[in-house]
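Chain and residue survey
Residues per chain, in single letters:
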Amino acid sequence: MTFISIIIPFDTVKRYLKDCLDSLREQNIDDCEIILVLNGAGESVDDLLKEYDDLNIIIKSFDSSINVSKARNEGLKIAEGQYVYFIDSDDYIYQDALSKLIDVAKNTNADFINGERINTGFIKERFAEELDKLAEKKRYPLLKNKLSDDEFSFKLLVGDKTNDFEILSALHCLIKRDKIDNLLFDESIVYQSDYEFMIDALNRMESFVGVENAIYAKRIRDDPINLKSLNDEMGGDTFLIYAEKFKEAIENINIERLKDEFSSKLFKYYYSNFSDKFYANPNKKWRNEYFDMLVGLMADMDFKNLSFYQKRELKALKSHDKNKLRKLLKLRINFSKLLEMDNMWRIKAAIYYKIFNKKEINQKQIIFCSFRGDYYSDSPKYLYEYLYENYPDEFDYVWVLNDKNVKVPGNPKKVKRFSLDFYKEVARSKYWIINGRQSVVLAKRKDQIIVSTWHGTPLKKLGLDIGNVHTRDPFLKHSYIDVSKEWDYLISPNRYTTDILKSSFGYEREIFESGYPRNDILYNADENKVNEIKSRLNIPNDKKIILYAPTWRDDEFVDIGSVKFKLQLELDKLKEALSDEYIVLVRTHYFISNNLDLSGVEDFAFDVSRYDDIAELYLVADILITDYSSVFFDYANLKRPILYYTYDLEKYENVLRGFYLDIHEEVPGPLLKTTEEVIDSIKNIESLKEEYKDKYDAFYERFCSIEDGNASKRIVEKVWK
Ligand code: C2G
């Protein structure tokens, strides 16, 4: 007989379903059936399911649109297992969590067996990192300690996260089938129908076992615009919805211990999440309507297990004494703020909001920042130089530069990123000119204007267009939306980029196709300029120059913000084959932290990773070697040869990012997999130029034809009329 029936309702997001099915496969359960219920209005998964022939999947599909309650019911109706188990198609099981629950079911024959649920934005591959982070904060795992089997089961069921108000979910528990005969989800309820079902089901159970270290990952979807979850869609006031559900649960559950668990969750929620809002939120509803609701819910709560301080707050709450409560909260909240303030960063941010942001804005001031203040470069540099040359006295100029020794014409004020001065200047600048995502700690003031230049024609998918997010920040996509909402001007070098900026940022306002200021120099520089750059670089001047400028890889992080990188191009071989005629400039991406080891090739390869402006490097380079970096779109303005050293093409293209272009067909140079092929191409560079001429012309027409050396001028005229 089938031991367990796993019920999965599916509507959308195939790549999430893949994680889900992979995780089920890893459980190695032999006596199970997986009932996949497909919503008629959802995404098609036929092709994906071909990869899961080895799993016993029963498909139940509908022609029309059905809700989750209906889908689960359809699963329940045909389920033959002794136990049923619900998993959502966007969630997944960590390691062998489900098979742990099954082992316990087999050993104990309990009616109800459950494990821990953890909310996460991480894809399956990276979830272990989430657990490490939670462990650091002592938030994982929930431990059984001295609790009995059923007490622990209730604790896992209700959860101890204090920022969410949800308490009952049908996910990640084994429920004995014959105990819930005839019990179905209420199909008239679209959101949160778990409550009614679970209360009824739990009331029928007699034995409960909670299992330690059996984790279920409840996915927080990574794209709130295109892939809304039911909770995202629910809309309305989540507090009120959950308060209502809480009430229902407390009233209807017959299990005393579980009632206690609800109360304790309620108090924890109040203590760490609600009290702040009651105390400081400008929205009055937290002090009135919501307060009354919460007090109503806590009416029967007793004082056991509370600290001295908590008891005083509960007393004030129960007696509806808002003044007393405010006094207690003032003490507690300010005291805990003080404890947190060990960190200069917080203090500065607080000063920014409380002091600098209240001072008058300087209508003439412009602040510039390129690549997080690490370089004097990119479009902000060229916009600055154009403005300074034409309007030296009309504006007050400020540059964000972490190295204040960098030479900048006109000697503007320089501030280090996140220094006190930085916050001060950001707060009072009328204009910000930036080339990336501004830091989330900086909220734009109403009258400020942000000119965003972005930093390259994209090849690699960006923001909302990325499939699975492999970086350290699972909420990367949210950040694209949040930052771009604040931009007043967004510029683009070509129509292709304009379209991508729209989709990847969810950007709906005007995008100005001006060309890139950073490419102006590629049209305006003369021979003298080129020689000046060469002498500044301090490299041999009797050789031709190859620039090697690869990009970074999402999965090679060592720490937030820095990427480990191993140079894959074998420079020693290059040197042996080419050093009579060439030298190589090696330029790593600005995310990459480690220093290059160029020993053995010192007189042939030069590390120019810290050289400010890559555009100047383009000017001196006779050949560019890159991979998936946007640098080739800019370099193509010079119409010089480009080679692609794409040793990890399959992985980059299919796993990490995906591309907007068909890189195999549309780029103006060869894709090379080995150092030998690179050498060969360089030796035959003249015939390669011939071979790629038509492709190159078409490429130039599509990506570079707006550029003419006047992009800065066009933007300045647009922004300052
Ligand atoms: N860059 C550089 N040196 C490198 C690589 C990049 O100076 N070795 C600079 C170039 O100006 C390039 C920009 O950083 O155009 C962006 O680099 P990308 O490699 O394209 O990567 P990323 O920072 O992820 O930018 O839409 C733009 C890109 O798609 C995203």
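A short tour of the structure in this document, coming up. Not measured: the values here are computed from a predicted model.

1. Considering the environment of alanine 605
Mapped onto the elements of the fold, alanine 605 is located in strand E20 (residues 605-607). The class for alanine 605 is buried, based on a relative accessible area of 3%. Put simply, alanine 605 and leucine 585 are 20 residues apart on the chain and 5.8 Å apart in space, counted from C-alpha to C-alpha. When near neighbours in sequence (up to four residues on either side) are disregarded, alanine 605 contacts Leu571, Val584, Val586 and Leu598.

2. Brief notes about the pattern of salt bridges
All chains considered together, the criterion is met by 55 salt bridges. For glutamate 513, the salt bridge identified is with arginine 495, shortest N-O distance 3.0 Å. One end of the pair, glutamate 513, is in strand E15 (residues 512-513); the other, arginine 495, is in helix H18 (residues 495-505), with 18 residues separating them in the sequence. By relative accessible area, which is 54% here, arginine 495 ends up exposed. Via salt bridges that share partners, Lys381, Lys529, Glu532, Arg536, Asp613 and Glu616 belong to a single interconnected network.

3. As for the site of the ligand
Surveying the vicinity of the ligand reveals 20 residues, the closest of which are Trp454, Thr551, Tyr590, Ser629 and Ser630. One nitrogen or oxygen atom from the side chain of tryptophan 552 is found 2.9 Å from an oxygen atom belonging to the ligand. With respect to the ligand, the side chain of serine 630 contributes an N or O atom lying 2.6 Å from an oxygen atom. In isolation the ligand exposes 600 Å². Once the protein is present, 97% of that is buried.

4. Looking at the environment of proline 458
Following the sequence through the fold, proline 458 ends up in the loop between strand E13 (449-452) and helix H17 (476-484). Taking relative accessible area as the criterion, proline 458 reaches 6% and is therefore assigned buried. Considering only alpha carbons, one finds proline 458 and proline 412, 46 residues apart in sequence, at a separation of 32 Å. The residues touching proline 458, leaving out its near neighbours within four places in the chain, are Tyr496, Thr497, Ile500, Phe633 and Tyr660.

5. As for the side chain of glutamate 707
Structurally, the position occupied by glutamate 707 is in the loop between helix H27 (685-703) and helix H28 (711-719). No salt bridge is formed by the buried glutamate 707. Its closest oppositely charged neighbour is arginine 714, at 5.3 Å. Polar contacts involving the side chain of glutamate 707 include one to the main-chain amide nitrogen of tyrosine 516, which spans 3.0 Å. Of the polar contacts made by the side chain of glutamate 707, one reaches the side chain of asparagine 519; its length is 3.1 Å.

6. As for the sheet that holds strand E2 (residues 32-38)
Hydrogen bonding along the main chain pairs the strands of a sheet, whether they run parallel or antiparallel. What the 8 strands build is an open sheet, ordered E3-E2-E1-E4-E7-E6-E8-E5; its pairing is mixed. In the strand order of this sheet, the two ends are held by strand E3 (57-61) and strand E5 (92-93), each with one partner. Judged from the 4 bridges that link them, strand E1 (residues 4-10) and strand E4 (residues 83-86) form a sheet pairing that is parallel. Each bridged residue has a counterpart across the sheet, and for isoleucine 6 the counterpart in E4 is tyrosine 85. Seen against the sheet, helix H5 (residues 127-136) touches E5, strand E6 (112-120) and strand E8 (208-219) and runs at an angle of roughly 90 degrees to E6.

7. Observations concerning the nonpolar core
Nonpolar side chains in soluble globular proteins tend to be buried together. By size, the foremost hydrophobic cluster in this structure holds 103 residues, and its most contacted members are Ile6 and Leu98. For this core, the element with the most residues is helix H10 (residues 256-280), which contributes 10 residues. The residues that make up this core include at least three from each of domain 1 (4-235) and domain 2 (236-335). The residues touching leucine 98, leaving out its near neighbours within four places in the chain, are Ile4, Ile6, Leu24, Gln27, Ile29, Tyr85, Ile93 and Leu174. Listed in part, the 53 residues of the second largest apolar core include Tyr431, Trp454, Phe512 and Ile715.

About the thresholds
- Residues numbered from 1 in each chain as written.
- Predicted model: local features only at pLDDT ≥ 70, side-chain atom pairs only at ≥ 80, totals over all residues.
- Heavy atoms only, no water.
- Helix = DSSP H or I, 4+ residues; strand = E, 2+ residues; numbered from the N terminus.
- Buried < 20%, exposed > 50% of the residue type's maximum accessible area, 1.4 Å probe, protein only.
- Contact = heavy atoms within 4.5 Å.
- Salt bridge = Lys/Arg side-chain N within 4 Å of Asp/Glu carboxyl O.
- Near = heavy atom within 4 Å.
- Polar contact = N/O pair within 3.5 Å; in protein donor to acceptor, adjacent residues only side chain to side chain.
- Areas by Shrake-Rupley, 256 points an atom, 1.4 Å probe, with all protein chains shown as cover.
- Lys, Arg positive; Asp, Glu negative; His and termini not counted.
- Pairing = 2+ DSSP bridges.
- Axes fitted to C-alpha atoms, helices over the stretch in contact; angles between N-to-C directions.
- Core = buried A, V, L, I, M, F, W, Y, C linked by side-chain atoms within 4.5 Å.
- Domains from an automatic or database assignment.

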